[in-house]
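Commentary on secondary and tertiary structure
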Amino acid sequence: MVHAAVPERHHGTTLGIVLPAVIGVIYGLYTSFIARMSGESAGAQFAIGLISCLAIAGLCYALGRYQHSLPRELRAVAYAALVGCSVGYLNSLSGDSILTSVVLSVIIAAATFCVMFYTFYVHED
């Protein structure tokens, strides 16, 4: 019996570039907004937003590009570190103490690790 060949689907190229860019722009705008609320000047506010946008977009792109070469534990740790550090940085810009930022960052990173590890464990062969 002959089976028809199913064509491969290639979603990752466009989505792999657009999604980190969108996440970076949203993060940069939010960072810029928080910097404005804490009293930064317009130039410093723009610089903080732009640098944050480029950093998060670059890290998201790199993680999305190389995540499949990592075992599930390290992949979950990478996502946890990215999310935890980004939330901690946003909290530190708001003017809270460094201890509050670190505690919030660790809690968010631990929750992200649990969710991502469970997701990778369930969906991998």
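Anything mentioned here points back to the structure above.
Presented here is an overview of the structure given in this document.

Procedures and definitions
- Each residue is numbered by its place in its chain's sequence as written, counting from 1.
- Local features in a predicted model are, by the rule used here, given only for residues with pLDDT of at least 70; side-chain atom pairs are given and counted only at 80 or more, and totals for whole chains, interfaces and linings are based on all residues.
- As a rule here, side-chain values cover all heavy atoms of the structure and leave hydrogens and water aside.
- Helix and strand assignments come from DSSP, with helices taken as H or I runs of at least 4 residues and strands as E runs of at least 2, each series counted from the N terminus.
- Throughout, a residue-residue contact means that at least one pair of heavy atoms, one from each residue, lies within 4.5 Å.
- Methods summary: accessible areas were calculated by the Shrake-Rupley approach with a probe of 1.4 Å, and residue burial reflects only the protein chains presented.
- A helix is expected to span 1.5 Å for every residue after the first.
- Throughout, exposure labels follow a simple rule: accessible area from a 1.4 Å probe, protein chains only, divided by the maximum for the residue type, with under 20% read as buried, over 50% as exposed, and the rest as partly exposed.
- Side-chain atoms within 4.5 Å are what join buried Ala, Val, Leu, Ile, Met, Phe, Trp, Tyr and Cys residues into a set we call a nonpolar core.
- Every axis in this analysis is a line fitted to C-alpha atoms, fitted for helices over the stretch in contact. Angles between the N-to-C directions lie between 0 and 180 degrees.
- Angle categories are assigned with fixed cut-offs, so that under 35 degrees is roughly parallel, over 145 is roughly antiparallel, 65 to 115 is roughly perpendicular, and the rest are oblique.
- Residue type decides the class: Asp, Glu, Lys and Arg count as charged, Ala, Val, Leu, Ile, Met, Phe, Trp, Tyr, Cys and Pro as nonpolar, and the leftover types, Gly among them, as polar.
- For this analysis, a ring pair means two rings from Phe, Tyr or Trp (six-membered ring only for Trp) whose centres lie within 6.5 Å, classed as stacked if their planes differ by under 30 degrees, edge-to-face if by over 60, and tilted for the remaining angles.
- Should the near helix be turned counterclockwise from the far one by less than a right angle, the crossing is left-handed, whereas a clockwise turn marks it as right-handed.

What to know about the overall build of the protein
When helices and strands are tallied, the protein shows 4 helices and 0 strands. Across the protein, helices and strands are ordered from the amino to the carboxyl terminus as α-α-α-α. Excluding contacts between residues fewer than 6 apart, the proportion of contacts in the protein whose partners are at least 24 apart in sequence is 66%. When the accessible surface of the protein is totalled, it reaches about 8700 Å², and 72% of it is carbon and sulfur.

Quick notes on helix α4 (residues 98-123)
With 26 residues, α4 ought to run about 38 Å at 1.5 Å a step, and its terminal C-alpha atoms sit 37 Å apart, in line with that. Along α4, the residues that are buried comprise S101, S105, A109, T112, M116 and F120. Elements in contact with the buried residues of α4: α3 (72-93).

Let's talk about the nonpolar core
Core analysis: the largest hydrophobic core is formed by 10 residues, namely Y27, I34, A35, I48, I56, C60, L63, L82, L90 and L93. Counting only elements with at least two residues in this core, the list comes to α1 (12-37), α2 (42-66) and α3. In terms of residue count, the dominant contributor to this core is α2 (4 residues).

Details of the packing of α2 against α3
α3 packs onto α2 with a crossing angle of 170° between their chain directions and a minimal axis gap of 11 Å. Here α2 is positioned roughly antiparallel relative to α3, judged by the angle of their axes. For the pair α2 and α3, the contacting residues are I48, S52, I56, L59, C60 and L63 in the first and A78, Y79, L82, S86, Y89 and L93 in the second. In terms of residue class, the contact of α2 with α3 is made up of 10 nonpolar, 2 polar and no charged.

Topic: the packing of aromatic side chains
This model, assessed by the stated rule, comprises 4 aromatic pairs. Ring geometry for F113 against F117: centres 5.9 Å apart, planes inclined by 15°, an arrangement best described as stacked. You can see F113 and its partner F117 sitting in helix α4, 4 residues apart, about one turn around the helix. Relative accessible area serves as the criterion here: at 29%, F113 is assigned to the partly exposed category. Among the residues examined, F117 registers a relative accessible area of 26% and is labelled partly exposed.

A look at the environment of C53
In this structure, C53 sits in helix α2. By relative accessible area, C53 is classed as buried at 15%. Between the C-alpha atoms of C53 and I26, which are 27 residues apart in sequence, the distance is 7.7 Å. Dropping the residues within four chain positions of it, C53 is found in contact with G24, V25 and G28.

Side note on the packing of α3 against α4
It is the contact of α3 with α4, at a shortest axis distance of 7 Å, that shows an interaxial angle of 150°. What the angle tells us is that α3 and α4 run roughly antiparallel. Considering only the axes of α3 and α4, their crossing is right-handed. Residues of the contact of α3 with α4, tallied by class, amount to 15 nonpolar, 8 polar and 3 charged.

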